Amino acid sequence: MKKIELEEAYEKLGIEKKVYDYCSHIESSLKDRFEKIDVVAEYNQQKVLKAMMDARIDSECFNISSGYGYDDIGREKIEKCYSMTFHGEDALVRPQITCGTHAIALAMFSNLRPGDELLSPVGKPYDTLDEVIGIRPSMGSLAEYKVSYRQVDLKADGSFDYDGIKNAVNEKTKLVTIQRSKGYAVRPTLSVEKIGELISFIRKLKKDVIIMVDNCYGEFVETREPLDVGADMIVGSLIKNPGGGLASSGGYIVGKKECIENASYRLTSPGLGKEVGASLGQNRSILQGFFLAPTVTAAAEKGAILAASIYESLGFSCLPKADEERHDIIQEITLKSPENLIAFCQGIQSGSPVDSYVAPEPWDMPGYDDKVIMAAGAFIQGSSIELSADGPLREPYAVYMQGGLTYPSAKAGIYMSLQNLYSRNLVRL
Ligand SMILES: *Cc1c(COP(=O)(O)O)cnc(C)c1O
């Protein structure tokens, strides 16, 4: 195909030649990095493929179970695929786990008992966990069940506070939670290697403590996962990386047999555990999404790098920086003004396959002090493996962008965001 034809395709989306040329020039400098990401995706693809072969996935797996969901072969084989891919002894992968927060809460509540203590050695966990743990007083929190909580913040340079951790681990410490991705906090995302170092340190202090990793946004970004470096449990959401954009809903926990058994008794009921839970027709999309997840994650990662490279070149600071090594798919861009933030999000939305004709506006979201703007033209509500962007309307007007089921579609959304800023005279190219 001639280059000019490709340009025309973008022109039809409403992207001017000036914007196209500016972005394409930057994109052409990213080839080597993209190649490295492709190699990671290739490795992870073969890992998933092998698990699917070994689990003997067949068309019977796609059958729909109802009621109690006894003998749901597909559900059982999905859980095998997850445990073999991520190197756990067992797994719980269910559409009944409603989201990432639910999966994390499930892992915590089921593996802690009254009198135990939970420790986060990497600072404050993701916002939604405040009420789970009881950091913010809340009905049904771990605190209400007499599970205490301790936290050791990262040092100013983002490194682990080993002395603080040593002081915090005590005879009550039962479960340690490590959040891999920075989420929406300002701290570096932890590499699997770093997580491994932290785990070794904690094991030396207390051998039998349960170590769980909130794996959200990190799956398939590297060739290793936290269970490979000594974690007991990893936990995540199916509407992020491992669902590959196809799983309609769900969460997972993979790890030690005993931890998963505990979780199963809380998800369903003591005595019933993993034996029940109708898959309600979700098995095929969960499996097919898992099959696609390594390349979908790679596409999202490339999109993040492209966005950082374009916006950094225009003088906006990015976290991670454009040329930094990545350990998750989230990109923060500091847009410096409310006009820029709104234009960016409206651009992302207008480049989406769903709801492209609506323009998101800042709104008062429950639980937030400032107005928030969110762009999400997704097939699945709230799916953040699909291209999405959001940010609070306050200094420094940072936007958090993530996802993109295919690289070309992520690219279109990013180009549209810049087109929007350019059309509104907010940037000069
Ligand atoms: C997304 C996310 C969660 C859970 O969020 P849900 O919206 O409940 O799925 C937890 N931790 C991190 C780091 C996340 O990114």
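The structure presented is a predicted model; accordingly, all values stated were derived computationally and were not measured.

**Q** Give me the overall build of the protein chain: which residues, what numbers.
**A** Counting its secondary structure elements, the protein chain contains twelve helices and twelve strands. Taken against the 2.2 N^0.38 rule, which gives 22 Å for 429 residues, the C-alpha radius of gyration of the protein chain at 22 Å falls within 12% of a compact globule. Overall size of the protein chain, expressed as C-alpha extent along the three principal axes, is 65 × 50 × 40 Å. Looking at the protein chain residue by residue over its 429 residues, the buried ones come to 57%. For the protein chain, contacts bridging at least 24 residues in sequence account for 69% of all contacts bridging at least 6. Accessible area for the protein chain stands at about 18,900 Å²; split by element, carbon and sulfur atoms hold 53% of it. Once the 48 positive and 59 negative side-chain charges of the protein chain are each reduced to a mean point, those two points are 2 Å apart.

**Q** So, the site of the ligand: which residues are in play, and what are the values?
**A** In the neighbourhood of the ligand, the contacting residues comprise Cys99, Gly100, Thr101, Ile104, Tyr126, Gln179, Asp214, Cys216, Tyr217 and Lys240. In the environment of the ligand, an oxygen atom lies 2.8 Å from a nitrogen or oxygen atom belonging to the backbone of Gly100. A distance of 2.6 Å separates a nitrogen atom of the ligand from a polar atom in the side chain of Asp214. Protein contact buries 88% of the 380 Å² of open area that the ligand shows by itself. It is helix H5 (residues 100-111) that contributes the most residues to the shell around the ligand, three residues altogether. Looking at the shell around the ligand residue by residue, the classes come out as five nonpolar, three polar and two charged.

**Q** How would you explain the nonpolar core if you had to name every residue and give the values?
**A** One finds Ile310, Tyr311, Ile333 and Phe344 to be the most contacted residues of the largest nonpolar core, which totals 45 residues. With residues near it in sequence (within four places) discarded, Ile333 still touches Ala307, Tyr311, Phe316, Ser317, Cys318, Phe344, Tyr397, Ala398 and Val399. Membership of the second largest hydrophobic core comes to 42 residues, among which are Val48, Ala55, Ile178 and Ile199.

**Q** Lay out the side chain of Ser181 with the relevant residues and their values.
**A** Relative to the helices and strands, Ser181 resides in the loop between strand E4 (173-179) and helix H8 (192-205). Taking relative accessible area as the criterion, Ser181 reaches 2% and is therefore assigned buried. Leave out the neighbours within four places in its chain, and Ser181 touches Arg187, Thr189, Asp214, Cys216, Tyr217, Asp328 and Ile330.

**Q** Tell me about the sheet that holds strand E1 (residues 90-94), and name the residues and values.
**A** In space, the seven strands of this open sheet follow the order E1-E7-E6-E5-E4-E2-E3, with mixed pairing throughout. Each end of this open sheet is capped by a strand with a single partner; those strands are E1 and strand E3 (148-151). Neighbour to neighbour, the strand axes of the sheet diverge by 20° on average, direction disregarded. Judged from the five bridges that link them, strand E6 (residues 233-237) and strand E7 (residues 251-255) form a sheet pairing that is antiparallel.

**Q** Describe the layout of surface pockets, with residues and values.
**A** Of the voids in this model, the second largest pocket is the one considered here, and its volume is about 330 Å³. What lines the second largest pocket is a set of 16 residues, and nearest its centre among them are Val40, Val221, Glu301, Glu325 and Arg326. At the level of secondary structure, the elements contributing two or more residues to the lining of the second largest pocket comprise helix H3 (31-54), H8 and helix H10 (283-313). With four residues, the top contributor of residues to the lining of the second largest pocket is H3. Looking at the lining of the second largest pocket, its residues break down into five nonpolar, three polar and eight charged.

**Q** Give a detailed account of the pattern of salt bridges, specifying residues and quantitative values.
**A** Scanning the entire structure with this criterion turns up 23 salt bridges. For the salt bridge of Arg94 with Glu79, the shortest nitrogen-to-oxygen distance reads 2.7 Å. Of this pair, Arg94 sits in strand E1 while Glu79 sits in helix H4 (residues 73-86), placing them 15 residues apart in sequence. Judged by relative accessible area, Arg94 falls into the buried class, the value being 1%. Here Glu79 falls in the buried class, since its relative accessible area comes to 2%. Here Asp232 ties to Arg203 by a salt bridge, and the two come within 2.8 Å at their closest N and O atoms. One end of the pair, Asp232, is in the loop between strand E5 (210-214) and E6; the other, Arg203, is in helix H8, with 29 residues separating them in the sequence. The partly exposed category is assigned to Arg203, whose relative accessible area is 22%. One continuous salt-bridge network, built from bridges that share partners, spans Glu79, Asp90, Arg94, Lys257 and Lys274.

**Q** Residue-level account of the packing of helix H2 (residues 17-27) against helix H12 (residues 407-423), with values.
**A** Contact geometry for H2 and H12: axes closest at 10 Å, N-to-C directions at 130°. With respect to H12, the element H2 is oriented oblique. With respect to the hand of their crossing, H2 and H12 are arranged in right-handed fashion. Residue-level inspection shows Lys18, Val19, Tyr20, Tyr22, Cys23, Ser24 and Glu27 of H2 in contact with H12, the latter providing Tyr407, Lys411, Tyr415, Leu418, Gln419 and Tyr422.

About the thresholds
Residues numbered from 1 in each chain as written. Predicted model: local features only at pLDDT ≥ 70, side-chain atom pairs only at ≥ 80, totals over all residues. Heavy atoms only, no water. Helix = DSSP H or I, 4+ residues; strand = E, 2+ residues; numbered from the N terminus. Rg over C-alpha atoms; globule rule 2.2 N^0.38 Å. Buried < 20%, exposed > 50% of the residue type's maximum accessible area, 1.4 Å probe, protein only. Contact = heavy atoms within 4.5 Å. Areas by Shrake-Rupley, 256 points an atom, 1.4 Å probe, with all protein chains shown as cover. Lys, Arg positive; Asp, Glu negative; His and termini not counted. Charge placed at Lys NZ, Arg CZ, Asp CG, Glu CD. Near = heavy atom within 4 Å. Polar contact = N/O pair within 3.5 Å; in protein donor to acceptor, adjacent residues only side chain to side chain. Nonpolar A, V, L, I, M, F, W, Y, C, P; charged D, E, K, R; others polar. Core = buried A, V, L, I, M, F, W, Y, C linked by side-chain atoms within 4.5 Å. Pairing = 2+ DSSP bridges. Axes fitted to C-alpha atoms, helices over the stretch in contact; angles between N-to-C directions. 1 Å grid on protein atoms, 1.4 Å probe; cavity = no way out; pocket = protein on both sides within 12 Å on 5 of 7 lines; lining within 4 Å. Points joined across faces, edges and corners; volume = space filled by probe spheres on them. Salt bridge = Lys/Arg side-chain N within 4 Å of Asp/Glu carboxyl O. Parallel < 35°, antiparallel > 145°, perpendicular 65-115°, else oblique. Left-handed = near helix turned anticlockwise from the far one by under 90°.

Function-wise, these values are silent; they only describe arrangement.
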